[in-house]
Amino acid sequence: MKNKLLNEVIEYYLNSKDYNLYPITKLYEQNLEIENIKNIIIELIKDNILDLYYCKTNYFIKNFDLHIPLETKINYINKLPNNYTPQIIENIKIDEENCIQITCNDEIPPISLFPTPTTIKKYIKNKAQYNNIAPFNKMLLEGSPHLKFLYFRIDVLNRFIYDPRYIVYNIDYSGTIYYSVDNIKKEEDENNIYLSHFGLAYNKKTNENVITIFPHDLAKLSLKHQYYFYSYLFDNQEDFIPDISYYQNVMGELSEGLSIFAAFFEEMKLINKMFNTICAKNLIKNIFEFTQQNRPEYFHPFLMPTKTMYHNFCRTLYRLFIDKLDKNAIIEFAKAIGIELDTDKKGSMSLLQELFNKGFKSFKSNNLGDEIIDIWKTTIHEYRNRISHSFVDDIYDINIFKEYRYTINEAYKSIRLIRLILSTIPVIKNSIENNKIEISEDLYHGNIKMLFAPFK
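Just so it is clear, the model here is predicted, and its values are computed rather than measured.

Digging into the overall build of the protein chain
Moving on, step 1. Across its full length, the protein chain holds 18 helices and 13 strands.
Moving on, step 2. Taken against the 2.2 N^0.38 rule, which gives 23 Å for 456 residues, the C-alpha radius of gyration of the protein chain at 30 Å runs more than 25% over that of a compact globule.
Moving on, step 3. Over its C-alpha atoms, taken along the principal directions, the protein chain stretches across nearly 95 × 50 × 45 Å.
Moving on, step 4. Buried positions account for 49% of the 456 residues belonging to the protein chain.
Moving on, step 5. Counting only contacts in the protein chain whose residues sit at least 6 apart along the sequence, the fraction spanning at least 24 positions is 72%.
Moving on, step 6. Total accessible area computed for the protein chain in this model is approximately 23900 Å², and 47% of it derives from carbon and sulfur atoms.
Moving on, step 7. Averaged over its 54 positive side-chain charges, the protein chain has a centre that lies 5 Å from the centre of its 58 negative ones.

Concerning unusual backbone geometry
Moving on, step 1. Positioned with a positive phi, Tyr298 is a non-glycine residue whose angle comes to about 70 degrees.
Moving on, step 2. Checked against the element boundaries, Tyr298 lands in the loop between α11 (260-279) and α12 (307-320).
Moving on, step 3. Residue class for Tyr298 comes out buried when judged on its relative accessible area of 15%.

Section: the pattern of salt bridges
Moving on, step 1. Enumeration according to the criterion identifies 14 salt bridges in this entry.
Moving on, step 2. A salt bridge links Glu354 to Lys346; the nearest nitrogen and oxygen atoms lie 2.9 Å apart.
Moving on, step 3. One salt-bridge network, in which partners are shared between bridges, spans Lys346, Glu354 and Lys358.

Regarding the pairing of strand β10 (residues 209-213)
Moving on, step 1. Counted residue by residue, β10 has 5 buried out of 5 residues, so it is predominantly covered.
Moving on, step 2. Of the two faces of β10, the one lined by Asn209, Ile211 and Ile213 and the one lined by Val210 and Thr212 are each fully buried.
Moving on, step 3. Inspection of the sheet shows strand β6 (residues 150-152) paired to β10 by 3 bridges, in the antiparallel sense. The residue bridging Tyr151 from the neighbouring strand is Thr212, located in β10.
Moving on, step 4. As paired elements, strand β9 (residues 194-203) and β10 share 4 bridges and run antiparallel to each other. Paired with Ala201 across the two strands is Val210, which belongs to β10.
Moving on, step 5. Connecting the antiparallel pair β9 and β10 is a turn made up of 5 residues, with Asn207 showing a positive phi of about 70 degrees.

Digging into the sheet that holds strand β2 (residues 50-54)
Moving on, step 1. Across the sheet, which stays open at both edges, the 3 strands sit in the order β1-β5-β2 with antiparallel pairing between neighbours. Taken across any chain shown, the strands that pair with only one partner, and hence form the sheet edges, are β1 (22-23) and β2.
Moving on, step 2. In this sheet, strand β5 (residues 111-115) lies alongside β1 in antiparallel orientation, the contact comprising 2 bridges. Residue Tyr22 lies in a different strand from β5, and its bridge partner there is Leu113.

Considerations on the packing of α11 against helix α17 (residues 426-433)
Describing two packed helices takes the angle between their axes plus the distance from one axis to the other.
Moving on, step 1. It is the contact of α11 with α17, at a shortest axis distance of 10 Å, that shows an interaxial angle of 125 degrees. Classified by the interaxial angle, the pair formed by α11 and α17 is oblique. Note that α11 runs across α17; the crossing there is right-handed. Counted together, Met274, Thr277 and Ile278 of α11 and Val427, Ile428, Ser431 and Ile432 of α17 form the full contact between these two elements.

So, the packing of helix α13 (residues 327-336) against helix α14 (residues 348-358)
Moving on, step 1. Direction vectors running N to C along α13 and α14 enclose 20 degrees, while the axes themselves pass 9 Å from each other. By the angle class used here, α13 and α14 are roughly parallel. The interaxial crossing formed by α13 with α14 has left-handed handedness. Note on element contacts: α14 touches α13 through Ser348, Leu351, Leu352 and Leu355, opposite Lys327, Ile330, Ile331, Phe333 and Ala334.
Moving on, step 2. Its residues assigned to classes, the contact of α13 with α14 shows 7 nonpolar, 1 polar and 1 charged.

Quick notes on the rules
Residues numbered from 1 in each chain as written. Predicted model: local features only at pLDDT ≥ 70, side-chain atom pairs only at ≥ 80, totals over all residues. Heavy atoms only, no water. Helix = DSSP H or I, 4+ residues; strand = E, 2+ residues; numbered from the N terminus. Rg over C-alpha atoms; globule rule 2.2 N^0.38 Å. Buried < 20%, exposed > 50% of the residue type's maximum accessible area, 1.4 Å probe, protein only. Contact = heavy atoms within 4.5 Å. Areas by Shrake-Rupley, 256 points an atom, 1.4 Å probe, with all protein chains shown as cover. Lys, Arg positive; Asp, Glu negative; His and termini not counted. Charge placed at Lys NZ, Arg CZ, Asp CG, Glu CD. Salt bridge = Lys/Arg side-chain N within 4 Å of Asp/Glu carboxyl O. Pairing = 2+ DSSP bridges. Axes fitted to C-alpha atoms, helices over the stretch in contact; angles between N-to-C directions. Parallel < 35°, antiparallel > 145°, perpendicular 65-115°, else oblique. Left-handed = near helix turned anticlockwise from the far one by under 90°. Nonpolar A, V, L, I, M, F, W, Y, C, P; charged D, E, K, R; others polar.

This is how it looks when you write it as structure tokens:
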């Protein structure tokens, strides 16, 4: 009886499409001596030959490693009824001879059985069909949870992000990769890929941004693509943790807050509305129409920690803000609030600095313009110039993630400061109070998600 049960569970597991677990209700369908079977199951669990899975939503697949204590597993089995006939809720007639019965299994807990990794490896050891199985299929075969967070180097995405044949849709902390329809010439195209989920994660020790993907999603890829991803898999998986927003997302929880990338554009739109209220002009010309499907190149957290990539990141920031400043709008705004600017041979950035240094003396700081412009005149301008006008001796250094964090944070603080200062002007303050200018709760309370190097 023991061997018959064990072989039945193993065969059910191996022959199913997604390595399905053996539901305990199948034992009752066979009209077996349940009391005796229960003792056999407990013995197999104690000997680490079989294991037990409990899940109220889906107990047919091992989605997570639940770490159920042995005593709890035994208790589940002992509490199973020795006799059970499922309650028929409804009979659905198909034809004269056949019908479908919908039953209720309230008396049976949502548990299933599956072979342990040790049992699986022993069982498939000498079977040729399991020798050349793709790496993530084999990972699932050998008992890995389907929704286990696996961690990969950030540059695993480069092949797709910077190749126009692929569409990489991301919402800052997660994304999808698929092959552009225009490039699919035939189903056998080896470049074709659809990866339904990837997420942002971090190295707890080094603050390195990394990628996390579930083996369930990777196992659907071709053999070649699986080996490609496998080559970027970190050895020590214990050093990593998923981004909290991504974790909440995959667990079906709401993720609060606004990403710093989205907030960057929301602030600029508000500044334009405020400028328009004062002088009927926009400070920033042609703000990029940022969406999750459409974002500027190098403006996301999935960037490699290299000097070249960081310099391109700075160049993108400069193009999004400084290159879009309207010099005439600054001059007209200054006139509207009674400030005289020295416009002789000055660029828009210097004029903006002068405007905020002269125009808002009621603030504690007399150098608001300097605070606003400093990051743009120093770090961002310097690195933007290097990548634009010279060759860069490239290096790979995970400390560059800290540079990303510092730079995007300071750039955002600069733009937010402009919006906060403008909000104190009576006519703009009145427009905010009357909801003519609407500021989101996340921007108002500063609930902004930083997606680079999150740990101190």
